[in-house]
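So you can see what is in the structure, the chains are spelled out below.
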Amino acid sequence: MTLVLLIITFVLQFLLGTGILRLAGLPKSRIQGISLAVLTGFGASTFVLFIMACTNVPITPVYWMAFLILATAGVNIAFRKKGLLPESWINRPLVITGYELVVILSFGLILVMALWRSYYYPVTTRDAIVGMDLVAKWAVKDHTLVSGVFTSPHLNGQLSNQPFYAPFTTLMQIIYLMTGLAFGKLWVGLMTVAFFAYLYARLRLSCHPVLAGALIIFLMCMPGMHPYFYLMLTDWPNAIFFCIGAILWYDAQKTQNGSGYILAGIMLAMACWARAETLFFVTAGILTFPWITKTEHRLKGIGWIWLPSVISFLLWNVLFVYGYLPVQPEMPLGSTGNIVDAGISLISQVVFNPIHFAYAPHVFLLLIALEWIMHPRTAAWNGLLWIPILLIGYMIIVAMIPAATIENTVKRGLFKLFPLVAFYLAESQLFAGLSKRLKQWG
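What this report covers is the structure whose coordinates are included nearby.

Calculation notes
- Sequence positions are assigned chain by chain, starting from 1 and proceeding in written order.
- With pLDDT at 70 or above as the cut-off, local features in this predicted model cover only qualifying residues; side-chain atom pairs require 80 or more to be listed or tallied, and sums for whole chains, interfaces and linings still use all residues.
- In computing side-chain properties, one takes all heavy atoms of the structure into account and sets aside hydrogens as well as water.
- Within this scheme a cavity is a closed region of a 1 Å grid, computed over the protein atoms alone, that accommodates a 1.4 Å probe without allowing it to escape, whereas a pocket is open but has protein on both sides within 12 Å along at least five of seven lines; lining residues each have an atom within 4 Å of a point.
- Grid points are joined across faces, edges and corners, and a volume is the space filled by probe spheres set on the points.
- Numbering of helices and strands runs from the N terminus; a helix is a DSSP stretch of H or I covering at least four residues, while a strand is a stretch of E covering at least two.
- Residues were grouped as follows: Ala, Val, Leu, Ile, Met, Phe, Trp, Tyr, Cys and Pro as nonpolar; Asp, Glu, Lys and Arg as charged; and all remaining residues, including Gly, as polar.
- Take the buried residues of types Ala, Val, Leu, Ile, Met, Phe, Trp, Tyr and Cys, join any two whose side-chain atoms come within 4.5 Å, and each joined set is a nonpolar core.
- Any residue under 20% of the maximum accessible area for its type is buried, any over 50% is exposed, and the rest in between are partly exposed; the area is computed with a 1.4 Å probe on protein chains only.
- Any two residues having at least one pair of non-hydrogen atoms within 4.5 Å are treated as being in contact.
- Only the stretch in contact is used when fitting a helix axis, every axis being a line fitted to C-alpha atoms; angles between N-to-C directions are given from 0 to 180 degrees.
- Our angle categories are set so that under 35 degrees counts as roughly parallel, over 145 as roughly antiparallel, 65 to 115 as roughly perpendicular, and the remainder as oblique.
- Whether two aromatic rings pair depends on their centres lying within 6.5 Å, for rings of Phe, Tyr and Trp, where Trp uses its six-membered ring; planes under 30 degrees apart make the pair stacked, over 60 edge-to-face, and the rest tilted.
- Any Lys NZ or Arg CZ that is within 6 Å of a ring centre and within 35 degrees of that ring's normal is treated as a charge sitting over the ring.

Let's talk about empty space enclosed by the protein
1) Next: Applying the stated criterion across every chain yields a total of 2 cavities of 30 Å³ or more.
2) Next: Size it by volume and the second largest cavity reaches roughly 40 Å³.
3) Next: Lining of the second largest cavity is provided by Leu5, Thr9, Pro61, Trp64, Met65, Ile175, Met178 and Thr179.
4) Next: Contributions of two or more residues to the lining of the second largest cavity are made by α1 (2–24) and α3 (61–76).
5) Next: For the lining of the second largest cavity, the element with the highest residue contribution is α3, accounting for 3 residues.
6) Next: Considering only residue class, the lining of the second largest cavity consists of 6 nonpolar, 2 polar and no charged.

Here we look at the layout of surface pockets
1) Next: Volume-wise, the second largest pocket comes out at about 590 Å³.
2) Next: Elements that contribute at least two residues to the lining of the second largest pocket include exactly α2 (30–54), α5 (98–120) and α9 (186–206).
3) Next: In terms of residue count, α5 provides more of the lining of the second largest pocket than any other element does, 7 residues in total.

Re the nonpolar core
Nonpolar side chains in soluble globular proteins generally cluster together in the buried interior.
1) Next: If you look at the biggest cluster of nonpolar residues, it comprises 153 residues, and the most contacted ones within it are Leu145, Phe196, Trp236 and Leu414.
2) Next: Here Phe196 is in contact with Leu111, Ile216, Leu219, Met220, Phe229 and Trp236, once residues within four sequence places are set aside.

A short note on the packing of helix α15 (residues 339–351) against helix α19 (residues 406–413)
Each packed pair of helices is defined by two parameters, the angle between the axes and the distance between the axes.
1) Next: The geometry of α15 relative to α19 is characterised by a closest axis approach of 11 Å and an angle of 75 degrees between their N-to-C directions. Between α15 and α19, the angle is such that the two are roughly perpendicular. Contacts between α15 and α19 involve Ala342, Ser345, Leu346, Gln349 and Val350 from the former and Ile406, Glu407, Val410 and Lys411 from the latter.

Description of the packing of aromatic side chains
1) Next: Tallied over the entire structure, the rule returns 33 aromatic pairs.
2) Next: Both rings, one in Phe50 and one in Trp316, keep their centres 6.1 Å apart while their planes meet at 50 degrees; by these two values the pair is tilted. Taken together, the residues Phe50 in helix α2 and Trp316 in helix α14 (residues 295–323) connect sequence positions 266 residues apart. Across this residue pair, the class does not change: Phe50 and Trp316 are buried.
3) Next: Seen from their ring centres, Phe196 and Phe229 are 5.2 Å apart, and the 70 degrees between their planes marks the pair as edge-to-face. Of the two residues, Phe196 sits in helix α9 while Phe229 sits in the loop between α10 (209–220) and α11 (235–255), which places them 33 residues apart along the sequence.
4) Next: For Phe196, a relative accessible area of 1% corresponds to the buried category.
5) Next: Given a relative accessible area of 0%, Phe229 falls into the buried group.
6) Next: The structure contains a cluster of three or more aromatic residues connected by ring pairs, namely Phe195, Phe196, Phe218, Tyr228, Phe229, Trp236, Phe357, Phe364, Phe415 and Phe418.
7) Next: Just above the ring of Trp138 sits the side chain of Lys141; from NZ or CZ to the centre is 4.4 Å.

Below you can see the structure in the form of structure tokens.
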């Protein structure tokens with residue numbers, strides 16, 4: 001029965017995401033589209049569960065499945081005569097070269113291991129045990145998101161603050177616990193597979209498949225990031241949504257494709273749904289990118305990128321937390337130190353500490369330097385703006401929020417940084433030249 005419910009849930013989430021993508025404008029690549037459908041469906045289904053919680057509908061498998069079916073049918077009804085899946089996903093032949101197959105099998109093995117571990121191993125992280133997972137278990141037991149976990153005297157002062165500002169992880173855990181899975185968190189591995197499938201498909205559009213695969217494997221082998229491919233915390237889902245949103249935003253700038261802005265806005269809104277402080281970074285991006293100074297670009301940025309993020313932030317952090325929950329989070333603000341000192345510690349203790357990210361930052365920095373030395377006139381600098389935005393942003397967060405730590409908050413927050421650096425390199429003139437030589441050699 002668990003397997004049946006699991007398959008039905010995943011298929012409905014996928015079709016929900018597919019319908020939303022078809023309404024917003026599908027990406028051209030089949031692999032990108034299927035991956036985005038999975039991730040969009042995951043995010044949208046948590047909003048469905050959120051609506052159930054806000055309307056006091058009991059959180060049970062029967063009610064949940066009914067709401068999910070209605071939501072999936074609603075977004076797909078316009079395409080009832082065209083089939084459940086777009087023709088471009090079905091009729092287009094799949095072509096994989098021999099050397100590309102080796103690359104795919106290499107990082108595919110890592111993804112299979114991550115998927116298995118997300119299913120097999122229990123929840124082990126403290127913030128999840130006394131946070132998202134605990135809230136999810138009580139929600140399934142009490143059939144309500146506003147359960148006794150928030151008022152139990154035995155948990156007074158022991159509950160993690162993450163469920164208060166990161167609803168996506170909690171809601172996804174509820175959904176997959178209702179399928180009957182012992183630990184629920186299989187969805188973490190599914191997100192990881194979908195993310196790297198999307199990233200590889202997007203990178204190979206910009207550079208040679210071997211180089212794209214090398215960048216993917218490089219990311220996967222970072223010791224500080226790899227365990228979160230299957231551990232249940234808020235940071236990795238947040239990084240997945242944020243990176244895809246930033247890439248779609250970058251592509252929308254280049255093509256001026258309206259659907260690209262819409263898809264970017266959806267992904268970044270999901271990122272804010274996964275972690276509240278992401279709104280700070282999205283706002284900084286809106287204010288920083290030079291193309292936003294033009295009137296038409298400003299309207300697109302604010303209307304399609306920023307507003308969805310603000311809405312997703314307000315729905316949970318204001319409406320639900322202060323309108324429904326019996327207790328509110330304790331998040332004291334105040335200076336905890338000098339911002340410059342926080343920046344020095346961030347760079348030395350996290351970014352260039354081999355324990356966390358091995359020597360990937362050193363290699364990335366070297367490749368970026370080569371790009372600017374060899375192609376000073378054509379090097380694209382707007383793709384690098386996320387580096388100072390994220391680093392300075394986390395310096396401010398650490399300096400202003402006592403609960404934020406460099407060892408945990410910043411380290412996991414920088415999961416958003418390295419996939420974007422890999423994307424920048426794939427778009428660079430340096431990798432364009434290497435790709436040309438590889439094609440001539442192959």
